[in-house]
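Structural overview
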Amino acid sequence: MTTYRSQVRVIADLLRAVRDDSEDGAKVTVLLRKANMSYSRMIELTEQLVENGLLVKIPIERGSLYKLSDKGREFLSSMETFEEYAEAFGLKI
Amino acid sequence: MAALSVVTSVGFILQLATAIAAGATSLTAYKGYRATGSPTFLRLFSSFALLALGLLAAALSAGVADATLSAAVMIIGSSLEAGGYFLFALSHFFTVRRDITSVGTLLLIPAVSVSALMSVNLIMSAVSLYLLLYISAETVIFYFQNRSSPTLISVSGLLLITVGVLLEMLAPSAADYALVFGTMKLLGFLILFSPVTILLRHRPEVPSK
């Protein structure tokens, strides 16, 4: 069976992957594995989330690390609560 | 005559309370849409908003003196209700699409409902019943796939509404029974509102855009 993920769920999965990784920030390679998406899609999405203030980009010698901002943490917490609410109706967000 | 009037008044209160419960669920789903931007919540909000309007129209139809106008308001109400169940079913369809079991459920159930083609109102109730059975089946399947216990609570609410709609179809003119199926629908919608406790427990903020 094909599993369809909505854009909202893709964002939630990415933010969760960042949160669950190291406190110092997550590398794109780790996020790629955890959030299960293509490299180009990942770069596009992380840039978008940095622009919206949900992620913080930390430049390092070779590439960048990504951390959740306070706004991102708040958004993810809210998303997870509403995810649970939707599941009570037998639905996925 | 006085007894009938009391039954009608209680029936009106039950229908009004059911509409309020559906409206409250609709507002919660709207909050979810604002917080996440998820189309699932937009569909859930629209679904319960239509249900609330439909239930309100059904409640008001009893108070309309003109028989033709009353019937028209009732038909509008049952059509809105059927529309609400359709959007709810659509959300389930999007959640579990490409699943063979869902297609099976969709194909099997019309046999139950097509035999009731007696009036527009009854057709709309039959459509609602069909959609409710589909939604209940999908919710049960979701429970077995995810083992999420709050889903079971919603299943009980959906089943109460389904039985309420079924009884309404089988005995539409029996005023005494109206209280029974009115109460069942009210309890069903109150149970469907109960997942709001998840939000109260976590108190999510709606992030500013």
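Predicted model, so just to flag it, every value in this text is computed and none were measured.

With respect to the overall build of chain B
For chain B, the helix and strand inventory stands at nine helices and zero strands. Counting helices and strands in the order they occur from the N terminus, chain B gives α-α-α-α-α-α-α-α-α. Across chain B, contacts joining residues at least 24 apart in sequence account for 70% of those joining residues at least 6 apart.

A closer look at the overall build of chain A
Helix and strand content of chain A: four helices and three strands. Written out in order from the N terminus, the α and β elements of chain A read α-β-α-α-β-β-α. Its C-alpha radius of gyration of 13 Å places chain A within 12% of the 12 Å reference for a compact globule of 93 residues. Dimensions of chain A along its principal axes, counting C-alpha atoms only, are 45 × 30 × 20 Å. In chain A, of all internal contacts separated by at least 6 residues, the share reaching a separation of at least 24 is 42%.

What about the confidence of the model for chain A?
Scored by pLDDT, chain A has a mean of 85; 95% of the residues are at 70 or more. Predicted confidence in chain A is weakest over helix 2 (residues 28–35) of chain A, with a mean pLDDT of 83, and strongest over helix 4 (residues 70–88) of chain A, with 91.

Some words on the confidence of the model for chain B
Reading predicted coordinates in detail is not appropriate for stretches of low pLDDT. All names here are of chain B. In the predicted model, chain B carries a mean pLDDT of 82, and 79% of its residues have values of at least 70. Here helix 5 (residues 110–113) stands out as the least confident element of chain B, with mean pLDDT 48; helix 2 (residues 39–61) is the most confident, with 93. Confidence estimates for the predicted assembly give a pTM of 0.81 and an ipTM of 0.80.

Regarding unusual backbone geometry
In this model, Arg147(B) sits at a positive phi of 50 degrees, which is unusual for a non-glycine residue. Mapped onto the fold, Arg147(B) is located in the loop between helix 6 (120–146) and helix 7 (149–170).

What to know about the sheet that holds strand 1 (residues 26–27) of chain A
All names here are of chain A. Read across the open sheet, the three strands follow the order 1-3-2; overall the sheet is antiparallel. At either end of the open sheet lies a strand with only one pairing partner, and these are strand 1 and strand 2 (55–60). The pairing of strand 1 with strand 3 (residues 63–68) spans two bridges and is antiparallel. If you follow Ala 26 over to strand 3, its bridge partner there is Tyr 66.

Here's the deal with the packing of helix 2 of chain B against helix 3 (residues 67–95) of chain B
Residue and element names in this part refer to chain B. It is the contact of helix 2 with helix 3, at a shortest axis distance of 7 Å, that shows an interaxial angle of 160 degrees. When the interaxial angle is binned, helix 2 and helix 3 end up roughly antiparallel. The chirality of how helix 2 crosses helix 3 is left-handed. In the contact of helix 2 with helix 3, the residues fall into 16 nonpolar, eleven polar and two charged.

Focus: the interface of chain A and chain B
Note on interface size: it is often stated as the accessible area lost on association of the parts. At the junction of the two partners, chain A supplies 23 residues and chain B supplies 31 residues. Here the side of chain A that touches chain B is built from residues that sort into twelve nonpolar, six polar and five charged.

Side note on the pairing of strand 3 of chain A
All names here are of chain A. Relative to strand 3, strand 2 is paired through six bridges, and the arrangement is antiparallel. Counted as the bridge partner of Ile 58 is Leu 65 from strand 3. Hairpin connection, strand 2 to strand 3: the antiparallel pair is bridged by two residues.

A few points about the nonpolar core
Counting residues in hydrophobic clusters, the biggest one holds 74 residues, and the most contacted among them are Val18(A) and Leu132(B). When residues of this core are assigned to their parent elements, the largest contribution, 13 residues, is made by helix 2 of chain B. Excluding residues that lie within four positions of it along the chain, Val18(A) makes contacts with Ala26(A), Leu31(A), Leu55(A), Tyr66(A), Lys67(A) and Leu68(A).

A look at helix 1 (residues 7–20) of chain A
Along an α-helix, a turn takes 3.6 residues, which lines up residues three or four apart on a common side. Residues and elements named next belong to chain A. With 14 residues, helix 1 should cover 20 Å at 1.5 Å per step; its first-to-last C-alpha distance of 20 Å lies within 8% of that length. Among all positions of helix 1, only Ile 11, Ala 12, Leu 14, Leu 15, Ala 17 and Val 18 are buried. Structurally, helix 1 contributes buried residues whose contacts are with strand 1, helix 2, helix 3 (39–51), strand 2, strand 3 and helix 4.

Structural notes on the environment of Val64(B)
All names here are of chain B. Topologically, Val 64 is positioned in the loop between helix 2 and helix 3. By C-beta crowding, Val 64 is classed as partly exposed, having 14 other C-beta atoms within 10 Å. Spatially, the C-alpha atom of Val 64 lies 39 Å from that of Thr 151, the residues being 87 residues apart in sequence. Filtering out sequence-adjacent residues up to four positions away, Val 64 remains in contact with Leu 69, Ser 70 and Val 73.

Re the environment of Gly53(A)
All names here are of chain A. Turning to its location among the elements, Gly 53 is positioned in the loop between helix 3 and strand 2. Overall, Gly 53 belongs to the partly exposed group, with 13 C-beta atoms counted inside 10 Å. With 15 residues separating them in the primary sequence, Gly 53 and Leu 68 have C-alpha atoms 8.9 Å apart. Residues within four places of Gly 53 in sequence aside, it is in contact with Ser 69 and Lys 71.

About the criteria used
- Residues numbered from 1 in each chain as written.
- Chains lettered and ligands numbered in written order.
- Predicted model: local features only at pLDDT ≥ 70, side-chain atom pairs only at ≥ 80, totals over all residues.
- Helix = DSSP H or I, 4+ residues; strand = E, 2+ residues; numbered from the N terminus.
- Contact = placed C-beta atoms within 7 Å.
- Rg over C-alpha atoms; globule rule 2.2 N^0.38 Å.
- pLDDT = per-residue confidence, 0-100.
- Pairing = 2+ DSSP bridges.
- Axes fitted to C-alpha atoms, helices over the stretch in contact; angles between N-to-C directions.
- Parallel < 35°, antiparallel > 145°, perpendicular 65-115°, else oblique.
- Left-handed = near helix turned anticlockwise from the far one by under 90°.
- Nonpolar A, V, L, I, M, F, W, Y, C, P; charged D, E, K, R; others polar.
- Core = buried A, V, L, I, M, F, W, Y, C linked by C-beta atoms within 7 Å.
- Buried ≥ 20, exposed ≤ 12 C-beta atoms within 10 Å, placed from the backbone.
- Expected span 1.5 Å × (residues − 1).

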